[in-house]
Amino acid sequence: MSERPVMKTRTLLTAAVAVSLIAGAAHAASHARDIFIKEQDQNGDGVVTKDEYAATRAIQFAKTDADNSGALSQAEYVAEFKARLEAKLATSDMTPEKKAEERMRQMRQTDVRFGVLDSDKSGGITKAEFDYSGWRMFVTHDTNNDGAVSAADPIKSDQTT
């Protein structure tokens, strides 16, 4: 068997994992364990419990659901993401050109992420769909399966701190 099919398979698998991680990280559920902890740790103890994370996610959903419809419209989803992106870019040391490129790249992906998160294709992200995407990221970081995310969770080879 030649090297080319193996490399192509690895490339496709890497791309598939990347897309699934992007889809699973809606609304500040970071791919990096230590950033995840920093963003989700409400009491500052360095540990994100399931209850703590559920409370943070409920707050995020309620803030994003501007019309209180019980589902996130595409406009609400995009507005929330854009606000976070702009805040991140405002503190970045990127050049204005690089910021513009990053903004364009990230904003193009919002439609893709919205489509993936709206798994029932209803035109809105329900609380259940929102929660599911978040719990996938929680489980990704809870590598020691103790029901909490902390520095005690070993980082998988495909994750960062």
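Criteria and thresholds
Residues numbered from 1 in each chain as written. Predicted model: local features only at pLDDT ≥ 70, side-chain atom pairs only at ≥ 80, totals over all residues. Heavy atoms only, no water. Helix = DSSP H or I, 4+ residues; strand = E, 2+ residues; numbered from the N terminus. Buried < 20%, exposed > 50% of the residue type's maximum accessible area, 1.4 Å probe, protein only. Contact = heavy atoms within 4.5 Å. Areas by Shrake-Rupley, 256 points an atom, 1.4 Å probe, with all protein chains shown as cover. Salt bridge = Lys/Arg side-chain N within 4 Å of Asp/Glu carboxyl O. UniProt positions renumbered as here; feature names shortened; annotations may be inferred. Axes fitted to C-alpha atoms, helices over the stretch in contact; angles between N-to-C directions. Parallel < 35°, antiparallel > 145°, perpendicular 65-115°, else oblique. Left-handed = near helix turned anticlockwise from the far one by under 90°. Nonpolar A, V, L, I, M, F, W, Y, C, P; charged D, E, K, R; others polar. Phe/Tyr/Trp six-rings, centres within 6.5 Å; stacked < 30°, edge-to-face > 60°. Lys NZ or Arg CZ within 6 Å of the ring centre and 35° of its normal. Lys, Arg positive; Asp, Glu negative; His and termini not counted.

Undergrad: Looking at this structure, how should I read the overall build of the protein chain?
TA: The number of helices and strands found in the protein chain is six helices and four strands. The order of α-helices and β-strands along the protein chain, N terminus first, is α-α-β-α-β-α-α-β-α-β. Taking all 161 residues of the protein chain together, 34% fall into the buried category. Taking contacts inside the protein chain between residues at least 6 apart in sequence as the whole, the part at least 24 apart equals 57%. If you sum the accessible surface of the protein chain, you get close to 9600 Å²; carbon and sulfur atoms cover 60% of it.

Undergrad: How should I be thinking about the pattern of salt bridges in this particular structure?
TA: Any two side chains of opposite charge can pair, on the condition that their charged atoms come close. Applying the stated criterion across every chain, the model contains six salt bridges. The salt bridge involving E102 is made with R105; its shortest N-O contact spans 2.9 Å. Of the two residues, E102 and R105 both sit in helix α5 (residues 96–117), three residues apart, roughly one turn of that helix. Using a relative accessible area of 40% as the deciding quantity, one classes R105 as partly exposed.

Undergrad: I keep staring at the UniProt feature "domain: EF-hand" (unreviewed entry) in the protein chain and nothing clicks. Help me out?
TA: According to UniProt, the feature "domain: EF-hand" (unreviewed entry) maps to residues 41–53 and 114–130 in the numbering used here. As annotated, residues 41–53 comprises 31% helix and 23% strand, and the C-alpha atoms at either end are separated by 8 Å. End C-alpha to end C-alpha, residues 114–130 measures 10 Å, and it is 47% helix and 18% strand.

Undergrad: Before we go on, may I ask you to explain the packing of helix α3 (residues 50–64) against helix α6 (residues 127–141) in this structure?
TA: Packed helix pairs are characterised by how far apart their axes lie and by the angle those axes make with each other. Taken N-terminus to C-terminus, the directions of α3 and α6 make an angle of 140°; their axes are 11 Å apart at the nearest point. On the basis of their axis angle, the class for α3 and α6 is oblique. Judged by the twist between their axes, the crossing of α3 over α6 is right-handed. Side by side, α3 and α6 meet where K50, Y53, A54, R57, A58, Q60 and F61 of the first sit next to K127, F130, D131, S133, G134, W135 and F138 of the second. Looking at the contact of α3 with α6 residue by residue, the classes come out as seven nonpolar, three polar and four charged.

Undergrad: I keep staring at the packing of aromatic side chains and nothing clicks. Help me out?
TA: For any two aromatic rings, the description comes down to two numbers: the centre-to-centre distance and the angle of the planes. Under the counting rule described, the total for this entry stands at seven aromatic pairs. Centre to centre, the rings of F36 and Y53 are 5.2 Å apart; their planes meet at 40°, and the pair counts as tilted. One end of the pair, F36, is in helix α2 (residues 33–40); the other, Y53, is in helix α3, and 17 residues separate them in sequence. Given the relative accessible area of 0%, Y53 is considered buried. One cation-aromatic arrangement involves R57 over F130; the distance from NZ or CZ to the ring centre is 3.8 Å. Sitting over the ring of F61, K127 keeps its end group 5.9 Å from the ring centre.

Undergrad: Before we go on, may I ask you to explain unusual backbone geometry in this structure?
TA: Negative phi characterises most residues that are not glycine, and trans characterises most peptide bonds. Of note in this structure, N68 is not a glycine but carries a positive phi near 55°. Along the chain, N68 turns up in the loop between α3 and β2 (71–73). Overall, the relative accessible area of 65% leaves N68 in the exposed class. In this structure, N145 is a non-glycine residue whose phi angle is positive, near 55°. Topologically, N145 is positioned in the loop between α6 and β4 (148–150).

Undergrad: Can you help me understand the side chain of D65 in this one?
TA: Looking at the element boundaries, D65 is found in the loop between α3 and β2. Of the side chains bearing the opposite charge, K127 lies closest to the buried D65, which forms no salt bridge; the N-O distance is 10 Å.

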